[in-house]
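The lines below spell out each chain.
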There are 2 protein chains.
Amino acid sequence: MLRLSRLTDYAVVVLARMGEAGAPTQSAPGLATRTGLPEPTVAKVLKILAQAGIVAGQRGARGGYRLARPLAAISLADVIVAFEGPIALTACVDGHTGVCESESLCPVRGRWDPVNRAIRTALSAISVAELAGRPPAPPARPAEDAHPLSLAAE
Amino acid sequence: MLRLSRLTDYAVVVLARMGEAGAPTQSAPGLATRTGLPEPTVAKVLKILAQAGIVAGQRGARGGYRLARPLAAISLADVIVAFEGPIALTACVDGHTGVCESESLCPVRGRWDPVNRAIRTALSAISVAELAGRPPAPPARPAEDAHPLSLAAE
DNA sequence: CGGAAATAGGACCAAGCGCGTCCGATTTGA
DNA sequence: TCAAATCGGACGCGCTTGGTCCTATTTCCG
C-alpha cells in the first residue's frame, strides 16, 4: 500500500487549514477544533512541523503557530521527510551496511537508487498548496488543476 | 521512510535470481540457498507471487516455480501490488468512506489522486529486469553503475 | 507583579500488524 | 508406493506506530 504514517496525513490537513485562515498565528487548540482532529495529536503534529522549520511557534499567551513560508513553497516531500525521515523505498539505503546477510549475493545492490530519486522528485514537485487546492492570497497562483507532475508520460 | 514491506524486497531479489538461472523451473529450497534467504520465507514469497500470476508453480516431485513472463515484462508496480495491495499514499482512498470523522472539514479530499497516479506511473515504468541489471547471461558483474531507468528528468 | 495561556520537549503505554514459522492437504514424478 | 514439492491457512512473537500526559518555559494581560 506504500502508505505513509497517519501523522503525515494529519500534517497536510493541518497545514492546509493554516493556509486558508485569516490570522497569521493560530493556536494548536484552535486548529484542533477547526480540523476536527484530537487536540493532543494536533499539538504533536505542530511540534514536529516546528522542528522541521515548516512552521514557527510563538510561545506565551496569545501565542500559536504560523507558516514559516507560504504553502506553495512547502513541498509534499518536505512534510514527509519531517515525519518519516529520508524518502527511500527500501531499508538497504540508510547506512545499514552489513545488515543483509548476503550482500554479495544480492542482485539488486544499489539498483534502487534511481527509483528512490524518481519518487523524491515527484514528491518534491507537489506543494501543499496544490494539495489544499486553494492558495490563500499569493501574487501568482500556480494552477487550479493539478498538472501532471513532470514525471513519466502517462 | 515510505518503506515497502520486507516481503516485497525479498520478492525482487528472488525474481532477479530466477531470471538469471539457467533452468526454467526452480524449487523454493533451491532458490533459498541461492539467495541466502531463509527457506520458509522464500516459500511464502513464491506463493504470493504465484497467486498474483507473476510466477507459475509446478507441483509434485521435481516441481518448482518458473517465471510466467520475462523479467522485462514484470514491472515493479506489479510486485508491489501483489504484496501491498493497490498503490496509494493515504488510507483515505480505498473505499473507507466514513472513516474520517470530518470529511466535510477535510481540505484535501480527493487531492491525493494525482499524486498516487504519478507514483503508480513511475513504478509501472520500471521492470524487475532493470532492477536486476542484467538481461540473460551472468558470467560476472557486468556494470558498476545503473543506467537512468528512463524515469524522471533529474 | 501575579496568573493564565500557550508552546517545547520529553516519557509512557497500549494497540496494531508485519513477519517469520509451521502444519496439514494435495499433486506428481520416480 | 514413496518421496518431493507446491498450496493454503493459522499461529505467535516482536517491533513500530499512535495517542496521551506531564513538566518546564515563555509571554501577554489584568
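Residue positions within a chain follow its written sequence, with the count starting from 1. Whichever chain is written first is A, and whichever ligand is written first is 1; the rest continue in order. Under the rules for a predicted model, residues below a pLDDT of 70 receive no local features and side-chain atom pairs below 80 are neither given nor counted, while totals for whole chains, interfaces and linings still include all residues. Processing note: side-chain calculations cover all non-hydrogen atoms of the structure and skip hydrogens and water entirely.

## Concerning the overall build of chain A
Then step 1. Across its full length, chain A holds six helices and two strands.
Then step 2. Runs of H or I in DSSP of at least four residues are treated as helices and runs of E of at least two as strands, each being numbered from the N terminus. Scanning chain A from its N terminus toward the C terminus, one meets helices and strands in the order α-α-α-β-β-α-α-α.
Then step 3. Only protein chains enter the accessibility calculation, which uses a 1.4 Å probe; a residue whose area is less than 20% of its type maximum is buried, one above 50% is exposed, and one in between is partly exposed. The 154 residues of chain A split such that 44% are buried.
Then step 4. The contacts of chain A with a sequence gap of at least 6 include a subset with a gap of at least 24, amounting to 61%.
Then step 5. For the accessible areas, the method is Shrake-Rupley and the probe is 1.4 Å, while residue cover comes only from the protein chains on display. Total accessible area on chain A stands at roughly 7,700 Å², and carbon and sulfur atoms take up 52% of it. Contact criterion: two residues are considered in contact whenever any of their non-hydrogen atoms come within 4.5 Å of each other.

## Things to note about the nonpolar core
Then step 1. Counting 82 residues, the largest nonpolar core has Leu123(A) and Leu123(B) as the members making the most contacts within it.
Then step 2. Look past the residues within four positions of Leu123(A) in its chain and what remains in contact with it is Ser75(A), Leu76(A), Ala77(A), Ile80(A), Ile87(A), Leu2(B), Leu89(B), Val115(B) and Ile119(B). The set of buried Ala, Val, Leu, Ile, Met, Phe, Trp, Tyr and Cys residues whose side-chain atoms join them within 4.5 Å is what this entry labels a nonpolar core.

## Remarks on helix H5 (residues 113-124) of chain B
Then step 1. In this scheme, a helix's expected span is set at 1.5 Å multiplied by one less than its residue total. With twelve residues, H5(B) should cover 16 Å at 1.5 Å per step; its first-to-last C-alpha distance of 16 Å lies within 8% of that length.
Then step 2. Val115(B), Asn116(B), Ala118(B), Ile119(B), Thr121(B), Ala122(B) and Leu123(B) are the residues of H5(B) that are buried.

## Considerations on the protein's contact with DNA strand C
Then step 1. For this description, a residue counts as near a given molecule or strand if any of its non-hydrogen atoms is within 4 Å of it. Among the 23 residues in the neighbourhood of DNA strand C, the closest are listed as Ala28(A), Lys47(A), Tyr65(A), Ser5(B) and Arg6(B).
Then step 2. For DNA strand C, the backbone makes up 69% of the atoms found within 4 Å of the protein, where backbone means sugar plus phosphate.
Then step 3. Here a base oxygen of DNA strand C and a side-chain polar atom of Lys44(B) are 3.2 Å apart.
Then step 4. Between DNA strand C and Arg59(B) there is a distance of 3.0 Å, counted from a base oxygen to a side-chain nitrogen or oxygen.
Then step 5. Contributions of two or more residues to the surface near DNA strand C are made by helix H2 (28-35), helix H3 (39-51), strand S1 (55-58) and strand S2 (64-67) of chain A together with helix H1 (6-19) and helix H3 (39-51) of chain B.
Then step 6. Top element by residues in the surface near DNA strand C is H1(B). It accounts for three residues.
Then step 7. Basically, the charged four are Asp, Glu, Lys and Arg, the nonpolar ten are Ala, Val, Leu, Ile, Met, Phe, Trp, Tyr, Cys and Pro, and anything else, Gly included, counts as polar. Partitioned by chemical class, the residues of the surface near DNA strand C number eight nonpolar, nine polar and six charged. Polar contacts, as used here, are pairs of N or O atoms within 3.5 Å; protein pairs need one atom able to donate a hydrogen and one able to accept it. Residues neighboring in sequence count only if both atoms are side-chain atoms.

## Comments concerning the protein's contact with DNA strand D
Then step 1. Taken together, 24 residues lie around DNA strand D, and Arg6(A), Arg59(A), Ala28(B), Lys47(B) and Tyr65(B) are the ones closest in.
Then step 2. Sugar plus phosphate: this is where 69% of the atoms of DNA strand D within 4 Å of the protein reside.
Then step 3. Side-chain polar atom of Lys44(A) to a base nitrogen of DNA strand D: 3.0 Å apart, as the coordinates give it.
Then step 4. Going through the elements one at a time, helix H1 (6-19) and H3 of chain A together with helix H2 (28-35), H3, strand S1 (55-58) and strand S2 (64-67) of chain B are the ones with two or more residues in the surface near DNA strand D.

## Overview of the packing of helix H5 (residues 113-124) of chain A against H5(B)
Then step 1. Axis definition: a line fitted to C-alpha atoms, limited for helices to the stretch in contact. Angles are taken between N-to-C directions and run from 0 to 180 degrees. H5(B) packs onto H5(A) with a crossing angle of 160° between their chain directions and a minimal axis gap of 10 Å. Between H5(A) and H5(B), the angle is such that the two are roughly antiparallel. The two elements H5(A) and H5(B) cross, and the hand of that crossing is right-handed. Contacts between H5(A) and H5(B) involve Val115(A), Ile119(A) and Leu123(A) from the first element and Val115(B), Ile119(B) and Leu123(B) from the second.
Then step 2. Split by residue class, the contact of H5(A) with H5(B) holds six nonpolar, no polar and no charged. Under this scheme an angle from 65 to 115 degrees is roughly perpendicular, one under 35 degrees roughly parallel, and one over 145 degrees roughly antiparallel; angles in between are oblique. Two helices that cross are described as forming a left-handed crossing if the nearer one is turned anticlockwise from the farther one by less than a right angle, and a right-handed crossing if clockwise.

## A few points about the environment of Gln58(B)
All names here are of chain B.
Then step 1. Relative to the assigned elements, Gln 58 resides in strand S1.
Then step 2. Along the primary structure Gln 58 and Gln 26 are separated by 32 residues, whereas in three dimensions their C-alpha atoms are 9.4 Å apart.
Then step 3. Setting aside its immediate chain neighbours within four residues, Gln 58 contacts Gly 63 and Gly 64.

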